[in-house]
Amino acid sequence: MGQQTSQTVCCTAREKEGIDRKDLAGYTTNVGSGFFVDELPMSLQRPCFLSFSPLWQVSGGLPFKRRLAMAGESMVHVYRLADLEDAEPGAGSLPKLWLEFKLELPPHLMVTAMIFGERGDEGGSKRSPATLVLAACPLEGTMQRKGFVKIWQCDSTAGTVSPSPTASPKGSEPGTWNWERGFLAELKDHGAPVHCLSLSTAFIVSGDREGFCRVWDKPRQYECCKSACVVGESAGGLSDLTTDRHFLYTAAEKELTVTVWNVPELSRVMQFPMQGAVDSLVARRPAAARLSAMSALA
């Protein structure tokens, strides 16, 4: 806590008792249990956000390519993890990463949240292309403080609404995304900076600094199917949120409560207080902390 974020990404694989490396990632070694680390220096300055895809690989459906996304205040890098057949031979080697896409935001914007748009358990023989969901807002001192959420396509698949630039193969120049054009979809109507993103199998949920959440239907081209204020001003605003297959969980910044909501209806199911020595639920992420400081100075 309080230390500068490292600019090196570490990919780790943890072996359980009786399970070798091949069972986890297709690699075999004769070493005991422990963490195995592969490092790649990053050219990204001041990284604030990190996301991995897919969270799950479910048998029976088409697998997602493995990706790692990292974002600073104004730059986003998307890395591909090499497929098993592309890995360097030799016992003990781990999958390698290479830069696949990059995006630089306009000078007046900063990144406030980031997540991949698929969990990996969507299933089906014909899945949608993998996507990256990115939220941004104007910098301090600008008149407009609304939130922007845009979605970029990571896979080059025919039949999409607006295909992104072709991904770069290993060893070539990365594809370049443009904030103003070429994105797959834009999630509009947030009147405040969006600092929380989460997803279930069928929905993406976005939350802003004023406590409003919006539910976006992925199969229906990201149509907004519900919007509601889930945390009032008296509770200090929305600190964070997360989802599972059926419910949304929101945390209030000052009220120290967690509320459970049905998705996509956003009808409240229950609420319970935080337990333990929790003094504040102010979000710890760098961009969210900066947004909190801006609000205090306003």
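Every chain's residues receive numbers from 1 upward, in the order its sequence appears when written. Local features are withheld for residues below a pLDDT of 70 in this predicted model, meaning they are given only at 70 or higher, and side-chain atom pairs are given and counted only at 80 or more; totals for whole chains, interfaces and linings count all residues. Only hydrogens and water are removed before side-chain values are computed, so all heavy atoms of the structure are retained for them.

J.: Run through the pairing of strand β14 (residues 212–217), naming residues and quoting values.
T.: By the criterion of burial, β14 is predominantly enclosed, with five of the six residues buried. Pairing between two strands is assigned when DSSP locates at least 2 bridges connecting them. Each helix is a run of H or I in the DSSP string that is no shorter than four residues. Each strand is a run of E no shorter than two, and both are numbered from the N terminus. With five bridges joining them, strand β13 (residues 203–208) and β14 adopt antiparallel strand pairing. Following the sheet pairing, isoleucine 204 is matched in β14 by tryptophan 216. Once β13 ends, the chain turns through three residues before running back antiparallel as β14, passing glycine 211 with a positive phi of about 90°. Here β14 runs beside strand β15 (residues 223–229); their pairing, made up of six bridges, is antiparallel. When the sheet's bridge partners are listed, tryptophan 216 is paired in β15 with cysteine 224. Linkage of β14 to β15, two consecutive antiparallel strands, is achieved through a turn of five residues, within which glutamine 221 is found at a positive phi near 55°. To sort residues, take the accessible area from a 1.4 Å probe on protein chains only and compare it with the maximum for the residue type: under 20% means buried, over 50% means exposed, and anything in between is partly exposed.

J.: Requested: an account of the sheet that holds strand β18 (residues 257–262), with residues and values cited.
T.: Read across the sheet, four strands follow the order β16-β17-β18-β19 without closing on themselves; strand pairing throughout is antiparallel. In this open sheet, the two edge strands, each paired with only one partner strand, are β16 (238–243) and β19 (268–273). Mean inter-strand twist for the sheet, computed between neighbouring axes without regard to direction, equals 20°. Two elements, β18 and β19, share five bridges in a ladder whose sense is antiparallel. Of the residues in β19, the one forming a bridge with valine 260 is methionine 270. Axis geometry follows a simple rule: fit a line to the C-alpha atoms, using only the stretch in contact for helices, then measure angles between N-to-C directions, giving values from 0 to 180 degrees.

J.: Before we move on, can you summarise the packing of aromatic side chains with the specific residues and values?
T.: Within a pair of aromatic rings, the relevant descriptors are the distance that separates the centres and the angle that separates the planes. Between 30 and 60 degrees the pair is tilted, below 30 it is stacked and above 60 it is edge-to-face, where a pair is any two Phe, Tyr or Trp rings, Trp via its six-membered ring, whose centres lie within 6.5 Å. Going through the model one piece at a time under the given rule, you end up with four aromatic pairs. Centroid distance phenylalanine 101 to tryptophan 177: 4.7 Å. Interplanar angle 20°. Geometry classified as stacked. Here the residue phenylalanine 101 occupies a position in strand β6 (residues 97–104), and tryptophan 177 occupies one in strand β10 (residues 175–177), the gap between them amounting to 76 residues. Owing to a relative accessible area of 0%, phenylalanine 101 belongs among the buried residues under this scheme. Ring geometry for tryptophan 152 versus tryptophan 179: centroids 5.6 Å apart, planes at 35°, classification tilted. Note that tryptophan 152 is positioned in strand β9 (residues 148–153) and tryptophan 179 in the loop between β10 and β11 (185–187), a separation of 27 residues in sequence. Of the two residues, tryptophan 152 and tryptophan 179, both sit in the buried class. One aromatic cluster is present, built from ring pairs that chain together Phe101, Trp152, Trp177, Trp179 and Phe183.

J.: Give a detailed account of a nonpolar patch on the surface, specifying residues and quantitative values.
T.: On the surface, Val269, Met270 and Phe272 cluster together to form a nonpolar patch covering roughly 250 Å² of accessible area. Positionally, methionine 270 belongs in strand β19. In this structure methionine 270 comes out as partly exposed when scored by relative accessible area, which is 45%. Residues form patches when they are more than 30% accessible in relative terms and have no salt bridge. Like charges link within 9 Å. Nonpolar side chains (Val, Leu, Ile, Met, Phe, Trp, Tyr) link within 5 Å. To be clear on the numbers: accessible area is Shrake-Rupley with a 1.4 Å probe, and residue cover counts the displayed protein chains and nothing else. Salt bridges are identified by distance alone: a Lys or Arg side-chain nitrogen within 4 Å of an Asp or Glu carboxyl oxygen.

J.: For the confidence of the model for the chain, give the residues involved together with the corresponding values.
T.: In this model, the chain carries an average pLDDT of 74, and 62% of its residues clear a pLDDT of 70 or more. Think of pLDDT as the predictor's per-residue confidence, scored from 0 to 100. Confidence, expressed as mean pLDDT per element, reaches its minimum in the chain at helix α1 (residues 21–25) with 42 and its maximum at β14 with 95. For this analysis, residues touch if any pair of their heavy atoms sits within 4.5 Å. pLDDT under 50 marks residues 1–6. Its contacts with residues more than four places away, or in other chains, come to two contacts. Predicted confidence is poor over residues 157–166, with pLDDT under 50, and the contacts of this stretch with residues over four places away or in other chains come to 22 contacts.

J.: Could you give me a rundown of the nonpolar core, with the residues and numbers involved?
T.: Counting residues in hydrophobic clusters, the biggest one holds 23 residues, and the most contacted among them are Leu132, Leu134 and Trp179. Of all the elements, strand β7 (residues 109–116) adds the most residues to this core, at four residues. When near neighbours in sequence (up to four residues on either side) are disregarded, tryptophan 179 contacts Leu103, Leu105, Pro106, Leu109, Leu134, Ala136, Phe148, Lys150 and Trp152. With 16 residues, the next largest nonpolar core counts Ala235, Leu241, Val263 and Leu266 among its residues. The set of buried Ala, Val, Leu, Ile, Met, Phe, Trp, Tyr and Cys residues whose side-chain atoms join them within 4.5 Å is what this entry labels a nonpolar core.

J.: Please set out the side chain of glutamate 100 residue by residue, giving values where relevant.
T.: Considering the arrangement of structural elements, one finds glutamate 100 in strand β6. Taking the relative accessible area as the measure of exposure, glutamate 100 reaches 1% and is therefore buried. Of note is the side chain of glutamate 100, whose polar atom sits 2.8 Å from the side chain of arginine 67. Definition of a polar contact: a pair of N or O atoms within 3.5 Å, with one able to donate and the other able to accept a hydrogen when the atoms are protein atoms, and with sequence-neighbouring residues admitted only if both atoms are side-chain atoms.

J.: Before we move on, can you summarise unusual backbone geometry with the specific residues and values?
T.: Going from serine 53 to proline 54, the amide bond is cis rather than trans, its omega being -5°. Inspection of the secondary structure puts proline 54 in the loop between β3 (49–53) and β4 (67–71). With omega at 15°, the peptide bond leading from valine 263 into proline 264 counts as cis. The residue proline 264 is located in the loop between β18 and β19 in this model. The phi torsion at tyrosine 222 lies on the positive side, around 60°, for a residue other than glycine. By relative accessible area, tyrosine 222 is classed as buried at 13%. Positive phi, normally seen in glycine, also occurs at leucine 266, with a value near 55°. Looking at where leucine 266 falls in the secondary structure, it is placed in the loop between β18 and β19.

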